[in-house]
Structure formats: C-alpha cells, structure tokens
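Observations on chain architecture
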Amino acid sequence: MTANRMWGGRFTGGPSAIMEEINTSIDFDRRLAEEDIAGSEAHAAMLAARGIIDKVDADSIAAGLAAIRAEIGQGTFPYRREFEDIHMNVEARLSELIGPAAGRLHTARSRNDQVATDLRLWVRKACARAEQGLAEFQRALLTQAERHAGTIMPGFTHMQPAQPVTFGHHCLAYVEMAERDRGRFGDAGRRLNECPLGAAALAGTAYDIDRGATARQLGFDRPMRNSMDAVSARDFALEYLAAAAIAAANLSRLAEEIFLWASPAFGFVRLPDAFSTGSSIMPQKRNPDAAELVRAKTGRVLGSFVALLTVIKGLPLAYCKDLQEDKESVFAAADALDLCLAAMAGMIAQLTVEPAAMKRAAETGHPTATDLADWLVAKANRPFREAHAISAKAVARAEELGVTLDRLPLAELKKLDPAIAEGIY
C-alpha cells in the first residue's frame, strides 16, 4: 500500500487494511459536506483578504468549492474511502478541479479546527430544527387543548384516579414541558456559537489571519478564545445530546399515555390510520406502533449521550482521534429526535378524543374525595387532617354500598359528620 498522499509525507508505507478501516470516517462524516464547504469558503476569503493567498487562487478555490457543492447536491460527488474523511475528499476533488491552487486552501488551518467548526455548524442547525419541531408539537397540543378545554377526564397519580381534570389541561402540561425543551436547545445553540477556525492543530498559527472575519461569515458570535479548547471541546455536542435526551424522555411520557389511552381498557382516544398499524395474524388489531416507537427511540437518544460522554471523560488536551466518534452519536440522536417530534406532532394533530369514555373513567375511583375534604374545611371549619379522615371513611362507606362518592346519601354522610349539609353535593 502507498502512503496517503494528503498527509503521508513522513511515511514510506501505507496503512494496513485494518488501520484504514478503523480510521476512515467518510461513510458517516459526509453529512458535514455543506458545513465543510462553507467553512472552506470563509477561510479562503479571509486568506485572500489578508494577502496570504492571492486573489486569482482565491477565486479559483471559490469556483471549485461551488462546483463541489453542486456535485453533492446532484448526487454525483465521488466520495472515496482512501481519502478518509469529508475534509480530504473535498480537498482532493478540489485539486482535481482546479489544480495546484487547491493546495493553498489548507494554509493556516488544520483538520482539527476544521472538523470542530463543521460540527458546531451542524449542531447549531440541529438545535434550530429541534426548536422548530417542538414548536410544531406545541401547536398540535394547543389545538387539542382549545378543542377540549371542557372535556372531563380523570387525573392520575400513581396511575390511580386522583381528581377530575380536563383533557385540555392535560395537553397543556406537555406544552410547558416542550417550552422548557425549546429553551434548552436555544441555550445550547447560543453557547456553542463560537468559531474554532484559526486554532489550527492546537496552538494557533503564525500567519496573520483574521479570526473575526471567518467567525462573522459563518454566523458565529465570536472566535473561541483558547486554541486548545477550540479543537478539543465537545461539550457543545454533549449539551445538544443532553437536551435531546430530555426532550425524547418527555415525548416518551406522552407516547406511553397515548399507548394506554388507545387501548380498549381505556378507550380515551382513537389514533388515525396514518399512525396505526395492523397485525399479520389478528384482523381486529389496531396497534399504536408510532407511539411505541417514539417511546423506544428515547433509548437510542440517551445511548448517544452516554456514548459520547464516555468517549470524552478520559481525553487529555488537545485533540485525540477518539473525537472522531462524536459525529455518529450526534447524527443518530438528531435523526431519532427529528423523527419523534414529527411523529408526535402528527399523532396529536390527528387524534380523535372520546369524551364519553373519559367522563365515565373520571367518575370511577371516587375522584371527588378531596373536594369533600375541602368542603369540610371551608364550610364546617374542620382541620384538614380531620376532614381528610372523614372523607376517607365516606369513600369506604360508598364502596360498601356500591355507589360512587357523589351518590352517597346525605344521611350516610351525616353519620360521619353532622355538619355535612345538602350543599356538599
């Protein structure tokens, strides 16, 4: 095997087949192509503006990068595993298109600050997508909440009937959760918005570059202050993954409720055909598979967070090749979260609520027991603990008589406390 012609000047032989297999990342980091081209465009423009490369070469580089972007968009770009990663694939193709001028692009830059920039740009977009997806999810919930502001359903604690609520109120709980999720992605996006370019391998560069110019062109707020931190930090990816894991867990809670509500035992909702599946053997089945898969994919997102945190926990400064493992975790989590958000928004928007079934369920389990205790405190001046005990005895008596608490005769209630009057009902 021959040495890699992009970096192999020190080597007389090439990597073994096993080394090539473990080292190559183009199979997954090709997803950074747009970010890589944008970073290279900004870097080349800055080099030309500072007089580090001449305008003719800069224009040639810009034209070549535009051609590569078009090839990628058309699906004709020749990704090659011998060039390892997206950075080397782009540079190799640029060299084929424009010749020796391509070799000037990497002046004052390393793959270390290049990939850190690419991934920050990608995660910034992922944060924005998550915020948008959460907003769509909230809109679907708000529509249902307005439609069912007066639809009575049981509220549960410990999965036992607790107190009556409305379906609208229940939906709004998830609106609040989603708002906090949006805040986490917004915070993560703002915090990561610093540009690593110019840090080079780890110690900066002797060239008179303008880091502010590249940062501005790429939409960053500022250059990163410390070059070693710039190339080695992946806490921005961890923060995205943490926010994604929390958001996925919140979605999973609602998915679990839809799973229960859609069962005949509850019958609270009916899922649309678009988000249900049948059985290969049981013709009557109507399975809430979309909700089940949203619930399951939470594990995939959480696993990505744990995987990257494990990679990072023992790394010395600055860059280590372990960091190549960051991208697959981020991509996998982002794909899962984007899909779950779309699925949940679609399910909620098309959900058919069954108010009669909800109301029947709200009448079981004596959910007005707390109201009885509160009445005794407010109207009969009983201490709450005493009122609580009286109400509990009323529940027990209702169960003995086989009636709901609101149908327990006044005479029975008066046996428990003579102060109870007709107004209790």
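As shown above, the structure is provided for reference.
Residues numbered from 1 in each chain as written. Predicted model: local features only at pLDDT ≥ 70, side-chain atom pairs only at ≥ 80, totals over all residues. Heavy atoms only, no water.

1. Quick notes on the overall build of the protein
Counted only if it meets this: Secondary structure elements are taken from DSSP: a helix is a run of H or I of four residues or more, a strand is a run of E of two residues or more, and numbering for both begins at the N terminus. The atom set for the radius of gyration is the C-alpha atoms, and the globule formula is 2.2 Å times the number of residues raised to the power 0.38. Think of it in three bands: residues with accessible area under 20% of the maximum for their type are buried, residues over 50% are exposed, and the middle band is partly exposed, with areas taken using a 1.4 Å probe on protein chains only. Contacts are residue-level and defined by heavy atoms, with any inter-residue pair within 4.5 Å sufficient. Surface accessibility follows the Shrake-Rupley procedure with a 1.4 Å probe radius. Residue values consider only the protein chains on display as shielding.
Counting its regular elements, the protein contains 16 helices and six strands. Here the C-alpha atoms of the protein give a radius of gyration of 31 Å, more than 25% beyond the 22 Å that 2.2 N^0.38 yields for 425 residues. Per-residue burial for the protein yields a buried fraction of 46% across its 425 residues. Across the protein, the fraction of contacts at a sequence separation of at least 24, relative to all contacts at a separation of at least 6, is 72%. By element, 55% of the accessible surface of the protein is carried by carbon and sulfur atoms, the whole surface being about 20500 Å².

2. Observations concerning the nonpolar core
Definition in use: Each nonpolar core is a collection of buried residues, namely Ala, Val, Leu, Ile, Met, Phe, Trp, Tyr and Cys, held together in the definition by side-chain atoms within 4.5 Å.
Of all hydrophobic cores here, the largest spans 83 residues; its most connected members are Val123, Phe137, Phe185, Tyr240, Leu254, Leu337 and Met344. When residues in this core are grouped by element, the largest group, 15 residues, is from helix α10 (residues 235–261). Those residues in contact with Phe137, other than ones at most four positions away along the chain, are Ala178, Leu251, Leu254, Met344, Ala345 and Ile348. Among the nonpolar cores identified, the runner-up in size contains 16 residues, and Ala380, Ala394, Leu405 and Ile420 belong to it.

3. Some points on the pattern of salt bridges
Oppositely charged side chains may form a pair once their charged atoms are brought near each other. Note the cut-off: We define a salt bridge as a contact between a side-chain nitrogen of Lys or Arg and a carboxyl oxygen of Asp or Glu at a distance within 4 Å.
Overall, the coordinates contain 31 salt bridges when judged by the stated rule. Ionic pairing is found between Glu96 and Arg93, a salt bridge with its closest N-O pair at 3.0 Å. With Glu96 and Arg93 both in helix α5 (residues 86–98) and three residues apart, the pair spans about one turn of that helix. Judged by its relative accessible area of 17%, Arg93 is buried.

4. Here we look at the environment of Asp118
As for its position among the elements, Asp118 is in helix α6 (residues 111–147). Separated by 79 residues in the primary sequence, Asp118 and Leu197 place their C-alpha atoms 9.7 Å from one another.

5. So, the packing of aromatic side chains
For clarity, the threshold we go by: Note on aromatic pairs: the rings of Phe, Tyr and Trp (six-membered ring only in Trp) are paired at centre separations within 6.5 Å, and the planes decide the class, stacked below 30 degrees, edge-to-face beyond 60, tilted for the rest. For a ring to carry a charge above it, either NZ of a lysine or CZ of an arginine must fall within 6 Å of the ring centroid while also lying within 35 degrees of the normal to the ring plane.
Here the structure, examined in full by the defined rule, presents six aromatic pairs. The interplanar angle of 65° and the centroid separation of 4.8 Å between the aromatic rings of Phe77 and Tyr79 together place this pair among those described as edge-to-face. Look at Phe77 and you get buried, because its relative accessible area is 7%. Arranged with centres 5.7 Å apart and planes meeting at 65°, the rings of Phe167 and Trp261 form a pair that is edge-to-face. Remark: Trp261 occurs in helix α10 and Phe167 occurs in helix α7 (residues 167–191); sequence separation between them is 94 residues. Through successive ring pairs, a cluster of aromatic residues spans Phe156, Phe266 and Phe268. In this structure, Arg31 packs its charged tip against the face of Phe331, placed 4.7 Å from the ring centre.

6. What about the packing of α10 against helix α12 (residues 326–350)?
Our working definition: Each axis is a line fitted through C-alpha atoms, taken for helices only over the stretch in contact, and angles between the N-to-C directions span 0 to 180 degrees. Helix crossings get a hand from a simple test, with the near helix turned counterclockwise from the far one by less than a right angle marking a left-handed crossing and a clockwise turn marking a right-handed one. Residue polarity follows a fixed list, in which Ala, Val, Leu, Ile, Met, Phe, Trp, Tyr, Cys and Pro are nonpolar, Asp, Glu, Lys and Arg are charged, and the others, Gly among them, are polar.
Where α10 meets α12, the closest approach of the two axes is 10 Å, and the angle between their N-to-C directions is 30°. As α10 runs across α12, the sense of the crossing is left-handed. Contact with α10, carried on its side by Ala237, Tyr240, Leu241, Ala244, Ala247, Ala248, Leu251, Leu254, Ala255 and Ile258, involves Ser329, Val330, Ala333, Ala334, Leu337, Cys340, Leu341, Met344 and Ile348 of α12 and no other residues of that element. Here the contact of α10 with α12 is composed, by residue class, of 18 nonpolar, one polar and no charged.

7. A few points about a nonpolar patch on the surface
We apply this condition: Note that patches include only residues with greater than 30% relative accessible area and no salt bridge, and the join distances are 9 Å for like charges and 5 Å for nonpolar side chains (Val, Leu, Ile, Met, Phe, Trp, Tyr).
A surface patch of nonpolar side chains, about 270 Å² in accessible area, is lined by Leu202, Met228 and Leu317. Here Leu202 lies in the loop between β3 (194–195) and α8 (211–217).

8. Some words on the side chain of His43
This is how it is decided: Nitrogen and oxygen atoms within 3.5 Å of one another constitute a polar contact, given that in protein one can donate a hydrogen and the other can accept it, and given that sequence-neighbouring residues count only through two side-chain atoms.
Following the sequence through the fold, His43 ends up in helix α3 (residues 33–49). Here the side chain of His43 touches Thr107 through a polar contact of 2.6 Å, landing on its backbone oxygen. If sequence neighbours within four positions are ignored, His43 has contacts with Leu105, Thr107, Ala108, Arg109 and Thr214.

9. A few points about unusual backbone geometry
Here the bond from Leu317 into Ala318 is cis, since omega is 5°, no more than 30 degrees from zero. Summarising the element assignment, Ala318 is placed in the loop between α11 (289–312) and α12. Phi is positive for Met159, close to 60°, though the residue is something other than glycine. For Met159, the location among the structural elements is in the loop between β1 (152–157) and β2 (160–166). Positive phi, close to 60°, is recorded for Asn381, a residue that is not glycine. Mapped onto the elements of the fold, Asn381 is located in the loop between α14 (369–380) and α15 (384–401).

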